[in-house]
Amino acid sequence: MIDPPVALPGRRAGRAVARHVKRRTARPRRDPAPESAEPDTEAGGADPEGPAPLPVSPGVGRFLVLAAVFVCAACGLVYELELVALASYLTGDSVTQASVVLSVMVFAMGLGSLLAKRLRWRPAVGFGLVEAVLALVGGASAMALYAAFAWFGQSRPVLVAFSLAIGVLIGAEVPLLMTLIQRVSRQDAGGTVADLFAADYVGALVGGLAFPFLLLPLLGQLSGALLTGAVNAAAGGAMVLWLFRRDLTRRSRWLLIGVNVVVLALLAAGTVFAAPFERAAREAVYGADVRVAVRTDVQEVVVTGSRPAPSFALFLDGRLRVSGRDERRYHEALVHPAMAGAHRRVLVLGGGDGLALREVLRHRGVRSVTVVELDPGVVRLARTDPGLSRLNEHAFEDRRVRVVAADAFDWLRGRGRSGWEAAVDAREGSYAGGRPYDVVVSDLPDPGITASTKLYSQEFYGLARRALAPGGRLAVHAGALSSRPRAFWTVDATLRSAGLRTAPYRIGGRLPGFPGGPDRFSGAGSAPRDWGFILATAEERPGGERSEGTRTVRARTVRAGLDGGGPRGERPPLLRLSGPSPRTLTPAALRSAARAAERGRLTGLPPSTLMHPRYTD
């Protein structure tokens, strides 16, 4: 804009205007600095919109950035899987835990992408700080979650908080990496996104496979998370401090160095103290008398107490599996009603502790027992641990016992067995070879545990029925009737949908409030006080006769006080006791247990299937 001339009269005014315009147009014009000018890194770093001054060629720089994306994506997925796995172990119901972690984390990733806009003016510094914080939060997440559970009895708020924090930090990575990779080599946005997501997804694949097959079995959950955090910090810090070092001011360079050193030091200290921390947390959960704590290929096994009873306790994946104070009441009620009748060939599904096997072997006439246990480490413990082997009366040393390490579902389908085992089955006469079992005992975890849901499905009971001889009996532990009646009666409905007739019964006397264990925060008032069992049978010959080789055995008993019991007046199987007398169960108590269960029957429940599990309702 030309300054207005001073008003002068006549021709002098015209000459003054001309001189003014001439002076303005003759002034030197100041051009902006060329884009190729060297940035003043000490004053403020390189231009964030221009090409990055790299110590290597653009092609090598692009490869290094994508390699960092690969590593960071692998670490991010490990953090996610770590939270899901540990939350499922601590509180059960893996479906719920996975849903909470994934939904919160995906929401937080979107939030992090929005917040990353404020860091785009300094993408290198922003990415370095984000990776350092993510490494610390993700690496310490497992330890924090376990600490909250062990000392405060509740981990869900901590789970949500860490899922939110990790999601925000992971979400902030992508916009910053997009900016950095475009500054390395100019490329259209579509190509940049394709390269970035390709490296991200491949890294997630590697992290997802490394967690269950490498980190978890070799390092465990705590050390595995800490090591992942260290790798994350090293990859992010190295890329920024070396590849983009000319983008950094002196202050930001020393800031990143200091932050990364502190993060790596904290993660290293956590690794050093991981074992003492785990011991202290385990004692807070299980009590001070922890005698055995091992992680098998399947689960964590903890044994407390130095004597067989009453202080002995066996925990599998944090859940009380055996208590020396009341285990005999449970196992006698599970096994003895099913053993009343033909019992030459018996199949035990689960029961790797040997306690159900102990009760089976008390009955004369048992010729062979097959135990199908998923975890051979539990069977090994039952053979070698002084307390547990004394409690099961060295049942696995009996020559009539054969142990198969396999998943019960797969084994019933005829899979999960080696060629040698299949040959032994055919020689000894398994159900697949034409000779079914007289008794099948299902001593499996509660149906509410997600991993065991398929073992309470219609398909599973159909396979179990196929393994039964005509008139054979299936004994099922169906969870606590008093605290989870819907789950119990769903088991009953599922058994009947598989063509089996059922007789439910409820055994009280379960001692609540054991001193340790993950359920202690629920309080003794809400702890289960009973066990629910169901005796199921396949169709038998008229008149209550069963074939046993060349002999015929007629049931001599009184029905469990339930004439015409069961839905639609169908005839339930006979609940009775025969053979050696149980120490904690009498015929009168068994009849009372059946009546107590029937009083609370829930009808109209649909069966649980593989495609529609009902036990999480």
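Preceding this section is the structure that the text describes.
Described in the following lines is the structure provided in the data block.

Reading the values: the criteria
- Residues numbered from 1 in each chain as written.
- Predicted model: local features only at pLDDT ≥ 70, side-chain atom pairs only at ≥ 80, totals over all residues.
- Heavy atoms only, no water.
- Pairing = 2+ DSSP bridges.
- Helix = DSSP H or I, 4+ residues; strand = E, 2+ residues; numbered from the N terminus.
- Axes fitted to C-alpha atoms, helices over the stretch in contact; angles between N-to-C directions.
- Disulfide = S-S within 2.5 Å.
- Buried < 20%, exposed > 50% of the residue type's maximum accessible area, 1.4 Å probe, protein only.
- Contact = heavy atoms within 4.5 Å.
- Salt bridge = Lys/Arg side-chain N within 4 Å of Asp/Glu carboxyl O.
- Parallel < 35°, antiparallel > 145°, perpendicular 65-115°, else oblique.
- Left-handed = near helix turned anticlockwise from the far one by under 90°.
- Nonpolar A, V, L, I, M, F, W, Y, C, P; charged D, E, K, R; others polar.
- Phe/Tyr/Trp six-rings, centres within 6.5 Å; stacked < 30°, edge-to-face > 60°.
- Lys NZ or Arg CZ within 6 Å of the ring centre and 35° of its normal.
- Polar contact = N/O pair within 3.5 Å; in protein donor to acceptor, adjacent residues only side chain to side chain.
- Core = buried A, V, L, I, M, F, W, Y, C linked by side-chain atoms within 4.5 Å.
- Patch = residues over 30% accessible without salt bridge, like charges linked within 9 Å, V, L, I, M, F, W, Y side chains within 5 Å.
- Areas by Shrake-Rupley, 256 points an atom, 1.4 Å probe, with all protein chains shown as cover.

1. What about the sheet that holds strand 3 (residues 313-316)?
Read across the sheet, four strands follow the order 1-2-3-4 without closing on themselves; strand pairing throughout is antiparallel. Of all the strands in the sheet, the pair left with one neighbour each is strand 1 (290-295) and strand 4 (319-323). For this sheet, the mean angle separating the axes of adjacent strands, direction not counted, is 15°. As judged from the four bridges shared by strand 3 and strand 4, these two strands associate in the antiparallel manner. What sits directly across from Leu316, in strand 4, is Arg319.

2. Examining the state of the cysteines
Counting across every chain of the model gives zero disulfides. Cysteine Cys72 shares no disulfide, and the gap to the nearest cysteine sulfur, in Cys75, comes to 6.4 Å. According to the relative accessible area criterion, Cys72 is buried, its value standing at 2%. On the accessibility criterion, Cys75 (5% relative accessible area) is buried.

3. Points about the sheet that holds strand 7 (residues 401-405)
Spatially, seven strands are ordered 7-6-5-8-9-11-10 in an open sheet, and the strand pairing comes out mixed. One side of each edge strand has no neighbouring strand; the edge strands of this open sheet are strand 7 and strand 10 (501-508). Averaged over all pairs of adjacent strands, the angle between strand axes in this sheet comes to 15°, irrespective of strand direction. Across five bridges, the pairing between strand 8 (residues 437-443) and strand 9 (residues 468-477) is parallel. Note that in strand 9 the partner of Val440 across the bridge is Leu474. Against the sheet, helix 15 (residues 458-467) engages strand 5 (345-350), strand 8 and strand 9, with an angle of about 140° to strand 9.

4. Structural notes on the pattern of salt bridges
Side-chain pairs of opposite charge can arise whenever the charged atoms involved come near each other. Applying the stated criterion to the full structure yields 17 salt bridges. For Glu359, the salt bridge identified is with Arg328, shortest N-O distance 3.6 Å. On the criterion of sequence distance, the pair formed by Glu359 in helix 10 (residues 355-361) and Arg328 in helix 9 (residues 327-335) is long-range, its members being 31 residues apart. Among the ionic pairs, Asp407 bridges to Lys454, the shortest N-O distance being 3.3 Å. One end of the pair, Asp407, is in the loop between strand 7 and helix 13 (408-412); the other, Lys454, is in the loop between strand 8 and helix 15, and 47 residues separate them in sequence.

5. Details of the packing of helix 4 (residues 123-152) against helix 5 (residues 156-184)
When two helices pack together, you describe them by how their axes are tilted relative to each other and by the distance separating the axes. Packing of helix 4 against helix 5 leaves a shortest axis separation of 9 Å and a crossing angle of 160°. In this view, helix 4 runs roughly antiparallel relative to helix 5, as classed from their interaxial angle. Judged by the sense of rotation from one axis to the other, the crossing of helix 4 with helix 5 is left-handed. In the contact of helix 4 with helix 5, the residues fall into 21 nonpolar, four polar and two charged.

6. What to know about the packing of aromatic side chains
Here the structure, examined in full by the defined rule, presents eleven aromatic pairs. Considering the side-chain rings of Tyr146 and Phe277, the 6.4 Å spacing of their centres and the 80° angle between planes classify their relative orientation as edge-to-face. Of the two residues, Tyr146 is situated in helix 4 and Phe277 in helix 8 (residues 274-286); the sequence distance between them amounts to 131 residues. Here Tyr146 matches Phe277 in class, with each residue buried. In textbook terms, an aromatic cluster arises when at least three aromatic residues are bridged by ring pairs, as seen for Tyr330, Tyr505, Trp531 and Phe533. Positioned over the ring face of Tyr437 is Arg345, at 4.5 Å from the centre of the ring.

7. A word on the side chain of Gln299
Tracing the chain through its elements places Gln299 in the loop between strand 1 and strand 2 (300-304). Among the residues examined, Gln299 registers a relative accessible area of 11% and is labelled buried. For Gln299, the side chain forms a polar contact with the side chain of Asp375, separated by 2.9 Å. If we ignore the near neighbours within four places in the chain, the residues touching Gln299 are Val294, Leu316, Asp317, Asp375 and Val378.

8. Some thoughts on the nonpolar core
With 67 residues, the main nonpolar core has Val65, Leu83, Phe127, Ile166, Met239 and Phe244 as its most contacted residues. Secondary structure elements with two or more residues in this core: helix 2 (58-91), helix 3 (94-115), helix 4, helix 5, helix 6 (189-243), helix 7 (250-272), helix 8 and strand 3. Of the residues forming this core, the biggest block, 15 residues, is contributed by helix 4. Here Ile166 is in contact with Tyr79, Leu83, Met105, Leu134, Val137, Gly138 and Ser141, once residues within four sequence places are set aside. Counting 46 residues, the second-largest nonpolar core is a separate cluster that includes Val303, Val346, Ala395 and Ala503.

9. Quick word on a nonpolar patch on the surface
Together, Leu214, Leu218, Leu219, Leu227 and Val231 give the surface a local cluster of nonpolar side chains, amounting to about 450 Å² of exposed area. Here Leu227 shows up in helix 6. Residue classification places Leu227 among the partly exposed residues on the basis of a relative accessible area of 41%.

10. A closer look at the pairing of strand 10
Across the eight residues that make up strand 10, a large majority, six, are buried. Pairing analysis gives eight bridges linking strand 10 to strand 11 (residues 530-537), with the strands arranged antiparallel. Looking at the pairing, Arg501 lines up with Thr537 of strand 11.

11. Quick word on the environment of Pro613
Relative to the helices and strands, Pro613 is located in the segment after helix 17 (587-599). For Pro613, a relative accessible area of 33% corresponds to the partly exposed category. Residues Pro613 and Thr453 lie 160 residues apart in sequence; the distance between their C-alpha atoms is 6.9 Å. Leaving out residues up to four positions away in the same chain, Pro613 has contacts with Thr453 and Ser608.

12. Quick word on the environment of Asp247
Here Asp247 shows up in the loop between helix 6 and helix 7. Between the C-alpha atom of Asp247 and that of Pro53, which follows or precedes it by 194 residues, the distance is 7.4 Å. A distance of 2.3 Å separates the side chain of Asp247 from the side chain of Arg183, its partner in a polar contact.

13. Thoughts on the packing of helix 5 against helix 6
Look at helix 5 against helix 6: their axes get within 9 Å of each other, and the N-to-C directions meet at 125°. When the axes of helix 5 and helix 6 are compared, the pair comes out oblique. Crossing hand, helix 5 versus helix 6: right-handed. Residues Val174, Leu177, Met178, Leu180, Ile181 and Gln182 of helix 5 touch helix 6, and the partners they reach there are Ala189, Thr192, Val193, Leu196, Phe197 and Met239. Each residue belonging to the contact of helix 5 with helix 6 can be placed in one class, and the counts come to ten nonpolar, two polar and no charged.

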